[in-house]
Amino acid sequence: MKKNPPIRVAVTGAAGNIGYALLFRIASGQMFGPDQPVALNLIEIEPGMDALKGVAMELDDCAFPLLTEVVQTSDLSEGFKDVDWALLVGSVPRKQGMERADLLGINGKVFVGQGKAINDHAKKSVRVVVVGNPCNTNCLIAMKSAPDIPDEQFFAMTRLDENRAKTQLAQKAGVPVQEVTELCVWGNHSPTMFPDFYNTKISRQKATDVITDEDWLKNTFVPTVGKRGAAIIAARGASSAASAANAVVDTVCDLNTPTRGGFHSVCVLSKGEYDTPAGIITSLPIKVDAVGNWRVVEGIQLNDYAKAQIKASNDELLEERKVAFGQLGLSV
Ligand code: LMR
């Protein structure tokens, strides 16, 4: 049987904690399926190259049948050469007491360089998923730095927040997590994000008919999801890694697979859908059609409370854009 050509995937921060949890899942076929060969371009900064060598040795030692090649590099032009996917995982992670926005100045410059290298070396069809925080604004910075790559090919990750929110609701309702569907996380990947429980279904019923305690939903559920990243840092002494890697796998699978019913939360460039300000990378309900094109799902009813929550999160993104673009000399 003729084999598909490999999908080439660049991963930045490849020797970091998320990278370590992610690479083996890509190489084993969990991201692109059991019949799809993959080639990995592992990108690290110079001080991480020894550790990266060890990671590459471990990939060898797994003897993954689907893994055709592993490139190890700190050179962005080599790392992004001809890639189909660029998973921008690497960034300085936040420590306890910091918010993701505190990383704007530290990480913004990195995403200018990566965006330019993607623009010049990746396939024009490359799809870019930004995980390094603050991921929405970093994604916008990379997108602006890659003018030859269509804007629709840039994404940032809120699937981790969607997964977190689904589990919280499932545990509260006492149902298996797959019973929780149609849960969109709106806005920024920050504590202001809004996991929209009003439109969520639990076992095909309105979530608010199953969990009738609206005070819990507003004042416990929403902040628990928004602050989950900080709670992991407090508990583990390091930011989420395995669950973040899992959400990267979910995000890429979602973008590669026609969506059956419902939608998923992905941050994309807003064109003003649902009154979000155009020109920011914000989390919206996304559906992928049979030929692989994504679109924002229309017709979701948002009440005044939901609208106010989403506006606050998008206002934060406007402010992040203002600060980051000012520091980096980028124009809107
Ligand atoms: C998370 O949500 O766990 C990550 O974005 C890491 C962080 O800083 O919260």
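The coordinates are above.
Since the structure is predicted, the reported quantities are computational estimates derived from the model, not experimental observations.

Cut-offs used in this document
- Residues numbered from 1 in each chain as written.
- Predicted model: local features only at pLDDT ≥ 70, side-chain atom pairs only at ≥ 80, totals over all residues.
- Heavy atoms only, no water.
- Pairing = 2+ DSSP bridges.
- Helix = DSSP H or I, 4+ residues; strand = E, 2+ residues; numbered from the N terminus.
- Right-handed = clockwise from strand over helix to strand, strands pointing away.
- Axes fitted to C-alpha atoms, helices over the stretch in contact; angles between N-to-C directions.
- Left-handed = near helix turned anticlockwise from the far one by under 90°.
- Contact = heavy atoms within 4.5 Å.
- Nonpolar A, V, L, I, M, F, W, Y, C, P; charged D, E, K, R; others polar.
- Near = heavy atom within 4 Å.
- Polar contact = N/O pair within 3.5 Å; in protein donor to acceptor, adjacent residues only side chain to side chain.
- Areas by Shrake-Rupley, 256 points an atom, 1.4 Å probe, with all protein chains shown as cover.
- 1 Å grid on protein atoms, 1.4 Å probe; cavity = no way out; pocket = protein on both sides within 12 Å on 5 of 7 lines; lining within 4 Å.
- Sits in = over half its atoms within 2 Å of the grid points.
- Domains from an automatic or database assignment.
- Points joined across faces, edges and corners; volume = space filled by probe spheres on them.

Below, the discussion takes up the pairing of strand 3 (residues 67-73). Summarising the sheet, strand 2 (residues 38-43) and strand 3 pair through 6 bridges and their orientation is parallel. Paired with isoleucine 43 across the strands is threonine 73, a residue of strand 3. Considered for its hand, the β-α-β crossover made up of strand 2, helix 2 (residues 49-62) and strand 3 is right-handed.

Right, let's talk about the packing of helix 4 (residues 104-121) against helix 11 (residues 304-328) for a bit. The interhelical angle for the contact between helix 4 and helix 11, taken along N-to-C directions, is 65 degrees, at an axis separation of 10 Å. Classified by chirality, the crossing of helix 11 by helix 4 is right-handed. Contacts between helix 4 and helix 11 involve Leu104, Gly105, Gly108, Lys109 and Val112 on the former and, on the latter, Glu320, Val323, Ala324, Gln327 and Leu328. Split into classes, the residues belonging to the contact of helix 4 with helix 11 amount to 5 nonpolar, 3 polar and 2 charged.

Right, let's talk about the site of the ligand for a bit. Neighbouring the ligand are the residues Arg94, Arg100, Asn133, Leu160, Arg164, His189, Gly229, Ile233, Ser239 and Ser240. Within the side chain of arginine 100, an N or O atom sits 2.8 Å from an oxygen atom of the ligand. Take serine 240: an N or O atom from its side chain is 2.6 Å from an oxygen atom of the ligand. Within the complex, the protein chains bury 93% of what would otherwise be the 260 Å² of accessible surface of the ligand. Judged by the proximity of its atoms to the pocket grid, the ligand belongs to the largest pocket. Mapped onto the shell around the ligand, the elements with two or more residues apiece are helix 6 (159-173) and helix 9 (228-236). For the shell around the ligand, the per-class residue count stands at 2 nonpolar, 5 polar and 3 charged. Taken domain by domain, the shell around the ligand gets at least three of its residues from each of domain 1 (7-156) and domain 2 (158-322).

Before going further, it helps to examine the layout of surface pockets. Within this model, the largest pocket holds a volume of roughly 890 Å³. Looking at the largest pocket, it is lined by 41 residues, and the ones nearest its centre are Val89, Gly90, Ser91, Val92 and Pro93. Listed by contribution, the elements that provide at least two residues to the lining of the largest pocket are helix 1 (17-27), helix 4, helix 6 and helix 9. It is helix 4 that contributes the most residues to the lining of the largest pocket, 4 residues altogether. Of the residues contributing to the lining of the largest pocket, the split by class is 19 nonpolar, 17 polar and 5 charged. For the lining of the largest pocket, the domains that each give at least three residues are domain 1 (7-156) and domain 2 (158-322). Taken together, 19 residues form the lining of the second largest pocket, with Thr181, Arg260, Gly261, Gly262 and His264 sitting closest to its centre. Secondary-structure elements contributing two or more residues to the lining of the second largest pocket are strand 7 (180-181) and helix 10 (242-256). Classifying every residue of the lining of the second largest pocket by side-chain character gives 4 nonpolar, 8 polar and 7 charged.

So far we have only geometry, and geometry alone does not tell us how the molecule works.
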